[in-house]
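Structural overview for review
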Amino acid sequence: MLTVEGLRSRYGRIEVLHGIDLEVKSGEIVTVVGANGAGKTTLLKCLSGTQPVSDGRIVFRGESLNSVPAHRRLAHGLAQSPEGRQIFTNLTVEENLRLGAYLHSDERVDRDMTEAFALFPILREKRNLAAGGLSGGQQQMLAIARALMGRPSCLLLDEPSMGLAPLLVAQIFEVVTELKNRDVTVLLVEQNAYGALRIADRGYVMETGHIIISGPAAELIADPRIREAYLGL
Amino acid sequence: MDALLQFIFSGVTVGAVYALVALGFTIIYNASDVVNFAQGEFVMLGGMITVFAHQAGLPLALAAVLAIIVTAAIGVALNKLAIEPARGAPVVSVIIITIGASILIRGATQLIFDKQLHRFPAFSGDDPIRVMGATILPQSLWVTGGALVVFAGLWLFFTRTLTGKAVLATANNRIAAQLVGINTGAIMTLSFGLSAAIGALAGVLITPITLVSYDVGVALALKGFAAAMLGGMGNPKGALVGGLMLGLLEALTAGYLSSQYKDAVAFIVILAVLFVMPQGIFGKSSTERV
Ligand SMILES: Nc1ncnc2c1ncn2[C@@H]1O[C@H](COP(=O)(O)OP(=O)(O)OP(=O)(O)O)[C@@H](O)[C@H]1O
Ligand SMILES: [Mg+2]
């Protein structure tokens, strides 16, 4: 579904992605784990088009995305729940969700919103409140729900567990697992390597702009190098 | 008492114009973080183009519509030719670009048209209407009514339409807006066109009262800016309240002190806002903007 080949990206003169190869197959949950500053967010930003690519290819469902501007990638089926949530703080929860479906204006929008509320009931309670007033966990739920409103075939999730209490993390990861039943493929970026690998089918480990190890998630969890460096086991 | 009412009438009339100019500042500021000092030139263009189109034989209403459309196109061109290419430049550089654009527009207007003062007939005659001992010009009612219609229309646009929400979303978080599929470049174009059209409409409405010449935009930009600052830059409600307050302050200063001091009011308001409440009346804290 998504193939990344030799992807390079830089901030000014400093290159932070040094040729990333990665593949996500339809229906999978794939995770990219790695320490602070490894380049995970930069990778996702390249995929969503909000960060320039200096070399390499991004192919999504058979089409090159390289020259597709950010605002047209959702129409191709690629949605992102960005790092730091990036919700529309001045707008209400419901307006955020409606804007998630900006590209659509059919009856399904209402149904999708009902489904989003079923997935995250707290959002229904707060639907008329300014999104900026939500707690961190609720904002994260809103960011995911907003991305789902765009009817993506592939969802890019950047550290949905960041800064959340363990109970909320479990809830968010459960929703991610559940996306499989909705035919949404997931690329999940996490510092919380253990949590991410547990729900993923396959994983990539990223270090200073390189993919250093990849494989089925169960194998990565069992890999002694990863247990020591990333799982603290 | 009659005098006070008279001052209030004139204050509300100019205040409505300041409010429209402030609204123009607000729309562009929200869409692009740019303070567009060419905003006053849009008002001037609205008046000047109407004058010359009318002289050339077009009926007044048609001349006004033409002026608004041409000015909107100039606003869009300003964005495409000068603002967009400077994307990523420091805010101050972009502001200087808008000042340069305003000088260019003023110069071009002087060359294409002339340096004279012009007016065209008031829409509903010049016979003052008596209200409780004071008088008000029918054109003043056009100005305030026009401003109210614009503000109400814009309020509906922002609260009831998905495109309006997309403008708000772009103002709130440009990257996130792109991620939900909003073409933020098109929103910028829309914002500049809308701002310019609103400015031109203000020029059309006020010209029968204050007259127009190629250089009226400078003072209007300053006063609209002061009004926007007073209300809170980036807030349409603030533009309305700030504009009316500034207009009233000016009228009362001119009436009770001296009309010499009238133009100083805007400067004092800018300074007072900067020192006392940099966020303005309805301003949000700067941390809220991402
Ligand atoms: N806007 C920026 N300008 C310059 N350098 C940046 C910028 N954003 C990130 N970097 C640098 O790029 C590298 C990769 O950053 P990135 O945010 O992609 O890492 P990450 O893996 O997402 O980290 P984290 O787990 O902390 O989110 C880091 O060295 C970071 O300092
Ligand atoms: Mg990151």
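Located above this text is the structure these notes cover.
Residues numbered from 1 in each chain as written. Chains lettered and ligands numbered in written order. Predicted model: local features only at pLDDT ≥ 70, side-chain atom pairs only at ≥ 80, totals over all residues. Heavy atoms only, no water.

Each helix and strand in chain A was counted, giving ten helices and ten strands. In terms of overall size, chain A behaves like a compact globule, its C-alpha atoms giving a radius of gyration of 17 Å where 233 residues would be expected to give roughly 17 Å. Along the longest, intermediate and shortest principal axes, the C-alpha atoms of chain A span 45 × 40 × 35 Å. A separation of at least 24 residues holds for 65% of the contacts in chain A among residues at least 6 apart in sequence. Carbon and sulfur atoms make up 48% of the accessible area of chain A, which totals about 10000 Å². (Helix = DSSP H or I, 4+ residues; strand = E, 2+ residues; numbered from the N terminus. Rg over C-alpha atoms; globule rule 2.2 N^0.38 Å. Contact = heavy atoms within 4.5 Å. Areas by Shrake-Rupley, 256 points an atom, 1.4 Å probe, with all protein chains shown as cover.)

Right, let's get into the sheet that holds strand 8 (residues 185-190) of chain A. All names here are of chain A. Ordered in space as 6-7-8-3-9-10, the six strands form an open sheet in which the pairing is mixed. Edge strands, defined here as strands with exactly one partner in the open sheet, are strand 6 (78-81) and strand 10 (210-216). Each adjacent strand pair in this sheet contributes to an overall mean axis angle of 15°, direction not counted. Strand contacts of helix 1 (residues 40-48): strand 3 (29-34), strand 6, strand 7 (154-158), strand 8 and strand 9 (202-207), with the helix running at about 150° to strand 7, the strand carrying the most contacts. Helix 7 (residues 166-178) rests against strand 3, strand 7 and strand 8 of the sheet, and its axis sits at about 150° to strand 8. (Pairing = 2+ DSSP bridges. Axes fitted to C-alpha atoms, helices over the stretch in contact; angles between N-to-C directions.)

For helix 2 (residues 39-55) of chain B, with 17 residues, the first-to-last C-alpha span of 25 Å sits near the 24 Å given by 1.5 Å per residue. Burial analysis of helix 2 of chain B places 15 of its 17 residues in the buried class, which makes it a mostly covered element. (Expected span 1.5 Å × (residues − 1). Buried < 20%, exposed > 50% of the residue type's maximum accessible area, 1.4 Å probe, protein only.)

For the magnesium ion (ligand 2), the full set of protein donor atoms is T41 of chain A (OG1) and E83 of chain A (OE), at a range of 1.8 to 2.2 Å. Taken together, the residues span a long stretch of sequence, with T41 of chain A in helix 1 and E83 of chain A in the loop between strand 6 and helix 3 (93-100) at a distance of 42 residues. (Donors = N, O, S within 2.8 Å, 3.2 Å for Na, K, Ca; no water.)

What follows is about the nonpolar core. In terms of nonpolar packing, the biggest core is built from 51 residues, with F88 of chain A together with L23, F25, I182 and L246 of chain B touching the most fellow members. Among the secondary structure elements, those contributing two or more residues to this core are helix 1 (2-32), helix 5 (138-160), helix 6 (162-172), helix 7 (174-179), helix 8 (184-210), helix 9 (217-231), helix 10 (236-256) and helix 11 (264-276) of chain B. Looking at which element gives the most residues to this core, the answer is helix 1 of chain B, with eleven residues. Contacts of L23 of chain B, omitting those with residues within four sequence positions, involve V150, F151, L154, I198, P236 and A239 of chain B. Counting 50 residues, the second-largest nonpolar core is a separate cluster that includes L119, L134, V169 and A217 of chain A. (Core = buried A, V, L, I, M, F, W, Y, C linked by side-chain atoms within 4.5 Å.)

The subject of this paragraph is the interface of chain A and chain B. Taken together, the contact pairs 20 residues of chain A with 19 residues of chain B. When residues of chain A are sorted by the area they lose upon contact with chain B, H71, F88 and Y102 of chain A head the list and together hold 34% of the total. Taken together, chain A and chain B are joined by one salt bridge. Of the charged contacts in the structure, one is a salt bridge between K165 of chain B and E95 of chain A, with a shortest N-O distance of 3.5 Å. Of all elements in the fold, only helix 2 (70-73) and helix 3 of chain A reach the threshold of two or more residues within the side of chain A that touches chain B. Its residues placed into classes, the side of chain A that touches chain B shows nine nonpolar, eight polar and three charged. (Buried area = accessible area lost by both parts, 1.4 Å probe. Salt bridge = Lys/Arg side-chain N within 4 Å of Asp/Glu carboxyl O. Nonpolar A, V, L, I, M, F, W, Y, C, P; charged D, E, K, R; others polar.)

Time to look at the sheet that holds strand 4 (residues 55-60) of chain A. All names here are of chain A. Strand order across the open sheet formed by four strands is 2-1-4-5, with antiparallel pairing between neighbours. Bordering the open sheet on either side are strand 2 (14-24) and strand 5 (63-64), each of which pairs with just one other strand. Relative to strand 4, strand 1 (residues 2-11) is paired through five bridges, and the arrangement is antiparallel. Pairing of E5 across the sheet is with R57, part of strand 4. In this fold helix 1 packs onto strand 1, strand 2 and strand 4, with an angle of close to 115° to the strand it touches most, strand 1.

Moving on, we come to the state of the cysteines. Chemically, a disulfide is nothing more than a covalent bond linking the sulfur atoms of two cysteines. Residues and elements named next belong to chain A. Using the criterion set out here, one finds zero disulfides over all chains in the structure. This cysteine, C46, is not joined by any disulfide, and C154 carries the nearest cysteine sulfur, 15 Å off. Taking the relative accessible area as the measure of exposure, C154 reaches 0% and is therefore buried. (Disulfide = S-S within 2.5 Å.)

Let's shift gears to the site of ligand 1. Residue and element names in this part refer to chain A. In the neighbourhood of ligand 1, 13 residues make up the surrounding shell, with K40, T41, T42, E83 and Q191 lying closest. Between an oxygen atom of ligand 1 and a side-chain N or O atom of K40, the distance comes to 2.7 Å. Separating an oxygen atom of ligand 1 from a side-chain N or O atom of E83 is a distance of 2.6 Å. Coverage of ligand 1 by the protein amounts to 61% of the 640 Å² it exposes when considered alone. For the shell around ligand 1, a count of residues per class yields four nonpolar, six polar and three charged. (Near = heavy atom within 4 Å. Polar contact = N/O pair within 3.5 Å; in protein donor to acceptor, adjacent residues only side chain to side chain.)

On to the pattern of salt bridges. For the structure on display, the rule yields 18 salt bridges over all chains. E84 of chain B serves as the salt-bridge partner of K80 of chain B, at 3.5 Å between the closest nitrogen and oxygen. Note on E84 of chain B: relative accessible area 27%, which makes it partly exposed. Each of D106, R108, D112 and R151 of chain A takes part in a single network of salt bridges with overlapping partners.

In this section: the layout of surface pockets. Residues and elements named next belong to chain B. What the second largest pocket holds in volume is close to 480 Å³. Along its surface, the second largest pocket is lined by 24 residues, and A31, S32, D33, R87 and R174 are the ones closest to its centre. Looking at the lining of the second largest pocket, the elements with two or more residues in it are helix 1, helix 4 (91-112), helix 6 and helix 7. It is helix 1 that contributes the most residues to the lining of the second largest pocket, four residues altogether. Here the residues of the lining of the second largest pocket are counted per class, giving twelve nonpolar, seven polar and five charged. (1 Å grid on protein atoms, 1.4 Å probe; cavity = no way out; pocket = protein on both sides within 12 Å on 5 of 7 lines; lining within 4 Å. Points joined across faces, edges and corners; volume = space filled by probe spheres on them.)

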